[in-house]
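Given next are the chains, with one letter for each unit.
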There are 2 protein chains.
Amino acid sequence: MNPPSAHSTDGSIVALAGGVGAARMLLGFVQVVDPASITAIVNTGDDREFYGVHVSPDLDIVTYTLAGRVDPEKGFGIAGDTFSIVDSLAERGHETWFRLGDRDFAQCLHRTLRLRAGDGLAQITDDTRRAHGLATRVLPMSEDPCATFVELDDGRVIHFEEYLVRERSPDNVKSVDLRAAAGARPGPGVLEAIASARCIVICPSNPVVSIGPILEIPGIRQALCNSPAPVVAVSPIVGGAPIKGPADRLLRGTGSEVSARGVAERYRDFVDGMVIDQRDAGLANDIEAMGLRVLATDTLMTRPEVSARLAESVLQLAQGSA
Amino acid sequence: MNPPSAHSTDGSIVALAGGVGAARMLLGFVQVVDPASITAIVNTGDDREFYGVHVSPDLDIVTYTLAGRVDPEKGFGIAGDTFSIVDSLAERGHETWFRLGDRDFAQCLHRTLRLRAGDGLAQITDDTRRAHGLATRVLPMSEDPCATFVELDDGRVIHFEEYLVRERSPDNVKSVDLRAAAGARPGPGVLEAIASARCIVICPSNPVVSIGPILEIPGIRQALCNSPAPVVAVSPIVGGAPIKGPADRLLRGTGSEVSARGVAERYRDFVDGMVIDQRDAGLANDIEAMGLRVLATDTLMTRPEVSARLAESVLQLAQGSA
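Residues numbered from 1 in each chain as written. Chains lettered and ligands numbered in written order. Predicted model: local features only at pLDDT ≥ 70, side-chain atom pairs only at ≥ 80, totals over all residues.

Peer 1: Teacher, can you tell me more about the overall build of chain A here?
Peer 2: Scanning chain A from terminus to terminus reveals 14 helices and 14 strands. Taken over C-alpha atoms, the radius of gyration comes to 19 Å for chain A, in line with the 20 Å a tight globule of 322 residues would show. For the C-alpha atoms alone, the extent of chain A along its principal axes is close to 60 × 45 × 35 Å. Looking at chain A residue by residue over its 322 residues, the buried ones come to 53%. (Helix = DSSP H or I, 4+ residues; strand = E, 2+ residues; numbered from the N terminus. Rg over C-alpha atoms; globule rule 2.2 N^0.38 Å. Buried ≥ 20, exposed ≤ 12 C-beta atoms within 10 Å, placed from the backbone.)

Peer 1: What's the story with the nonpolar core in this structure? I'm lost.
Peer 2: When a protein is soluble and globular, its nonpolar side chains tend to lie buried together. With 87 residues, the main nonpolar core has Ala15(A), Leu26(A), Ile41(A) and Val62(A) as its most contacted residues. The biggest single contributor to this core is helix 1 (residues 20-32) of chain A, with eight residues. One finds Ala22(B), Val30(B), Phe160(B) and Val275(B) within the second-largest nonpolar core, a separate group that totals 86 residues. (Core = buried A, V, L, I, M, F, W, Y, C linked by C-beta atoms within 7 Å.)

Peer 1: When you look at helix 14 (residues 304-318) of chain A in this model, what are you seeing that I'm missing?
Peer 2: Residues and elements named next belong to chain A. In this model, helix 14 (15 residues) spans 21 Å end to end at C-alpha, consistent with the 21 Å of a helix rising 1.5 Å per residue. Residues Ser307, Leu310, Ala311, Ser313, Val314, Leu315, Leu317 and Ala318 constitute the buried set of helix 14. Looking at the buried residues of helix 14, the elements they touch are helix 1, strand 9 (197-202), strand 10 (231-234), strand 13 (273-277) and strand 14 (293-297). Where helix 14 terminates, the next one or two residues include Gly320, which has phi positive at roughly 75°. (Expected span 1.5 Å × (residues − 1). Contact = placed C-beta atoms within 7 Å.)

Peer 1: What am I meant to see in the pairing of strand 2 (residues 38-42) of chain B here?
Peer 2: Residue and element names in this part refer to chain B. Burial of strand 2 is extensive: five of the five residues sit out of reach of the surface. Burial along strand 2 is two-sided: Ile38, Ala40 and Val42 facing one way and Thr39 and Ile41 facing the other are all buried. Of the strand pairs in this sheet, strand 1 (residues 12-17) and strand 2 are connected by five bridges, and their pairing is parallel. The residue of strand 2 that forms the bridge with Ala15 is Ala40. Of the crossover connections in this fold, the one passing from strand 1 over helix 1 (residues 20-32) to the parallel strand 2 is right-handed. Alignment of strand 2 against strand 5 (residues 137-140), held across four bridges, turns out to be parallel. Residue pairing for strand 5: Ile41 is matched across the bridge by Leu139. (Pairing = 2+ DSSP bridges. Right-handed = clockwise from strand over helix to strand, strands pointing away.)

Peer 1: Looking at this model, I keep getting lost on the relation of the copies chain A and chain B. Mind explaining?
Peer 2: Superposition of the two copies of the chain requires a rotation about an axis and a shift along the axis. Mapping chain A onto chain B calls for a screw motion: a turn of 180° about the axis and a shift of 0.0 Å along it, with 0.0 Å RMSD after fitting. Expressed as an axis order, the relation between the two copies is that of a two-fold axis. For chain A, the minimum C-alpha distance to the rotation axis belongs to Gly52(A) and amounts to 4.0 Å. (Least-squares fit on C-alpha atoms with pLDDT ≥ 70 in both.)

Below is the structure:
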């Protein structure tokens, strides 16, 4: 973090990213700056093996979205994908609550085969984004296992994907277990990207289970605090509710207020500014009182043009001209 | 083996089976006897991992054929299958000379996931044939790894599937390595099925790499010799050439004559009779001179009716009434 006046104009934009919200934010940045100047550091806390293959939901959502191949309705998966593999497995008695499409499966199988052959997740992810013709760098936050677990009031501790997909995000969250991330090493290039960034963006992703695991990896939060670049977060909470997903239940379950103010509280040690939704403009004073600059605008990225305008706003705030 | 007069009329028919030829032979037997009285003991020497899944070509060919789901043109794979997985992997730079269809892949993935969960290949195979509504039992010859390797004149030693599919069965076979089978244990139920059979059939499969591995497993060849039931082999060689596949190159490469007589030589210690093609009737005297009964008929199973007639001929010869 740094006072706005000190930021340089060269170097890259680094974005901490989860899934759908982050992917749409990145889709904004690639419209307003050189895509090759952007590096996404992506959460791998959701990763899990399904059907024998290594599924990396956030890495694939970011890549498929930037490549224009994502299923536009769901925000994840590949547009027009078929589901013969999970259907075949279901016929044979397997649990198939994670509906992985066939082309999506092939991508995960490719990742699995390369991992088994000894390649690193960062290299595989980089090759994949290049194969999709993407200039934007996509870095896994870590190459170590980082599974996020959710503890429920009934005492069960379940993998985040089980919480999100199988159980459909119940409200009875007692705590979130990020110990795996806390014991992991930053992925190749992650600390270097943060250190050389001219602007750092915290995408409007779930603060607890998408941005949370990235911040938990030893060295990353400190690197953000130490960065000479401005750090700007976009609130994923609008009018007291998440745009998508269970951020409300996870924020509440981990003791945060479900509001842009609650998100600012979690990030205040390393961010310089917050972009919040225009509907939350009334919270600006409280967030400014934390020592952060605030910009209120339309943050509902329903169309690529909105994403682009939001990206402009983030850069404006980062440059101290908002 | 036993003189024809001594065979009993109850008990089951046991068939030693490879792939396409065996499957078509079994398709004959299920038309002329109770399918539930048939047990196929199937070669697993062709098994290999492709794309992270356990492929069992002969087990699947037999099961798919009996279930009426096999691709009728190729004789293997599933009719109407798609190939999006191998195509996707090819796009990503993987070797995909083994063109596994998507539904076929799902079956192999199912097998892999169950094996990984600790289930045995025999149990999985049995559940699969039941799921297809098949009354005929399908037993893997072994649950141990039994990979068959082919040594070429150029010094290379390659897996049988590499020989068959990737290299398209070249002629320069120096030897066939069945040492894995020679160190394997018979699968659950295999020796019991042979011991209690009322009739044992050696299907018209490749004598070297389909029937050969089954015979190589310690205990099986001896069980055939000891059986009180008649043992009848159907020659896969017609007019000096195999009906399908590289049996000629493999017989030659392992020192056998490429003829029904050459096949009889390999089996003479445990068979009582040979069914040969009518075009090879001139070889009958030579084979009878080995002490075997011979029946010459149409063995080209181009249609299910021919398979049924051939099955009748096998039973006739087994019963000593041919």
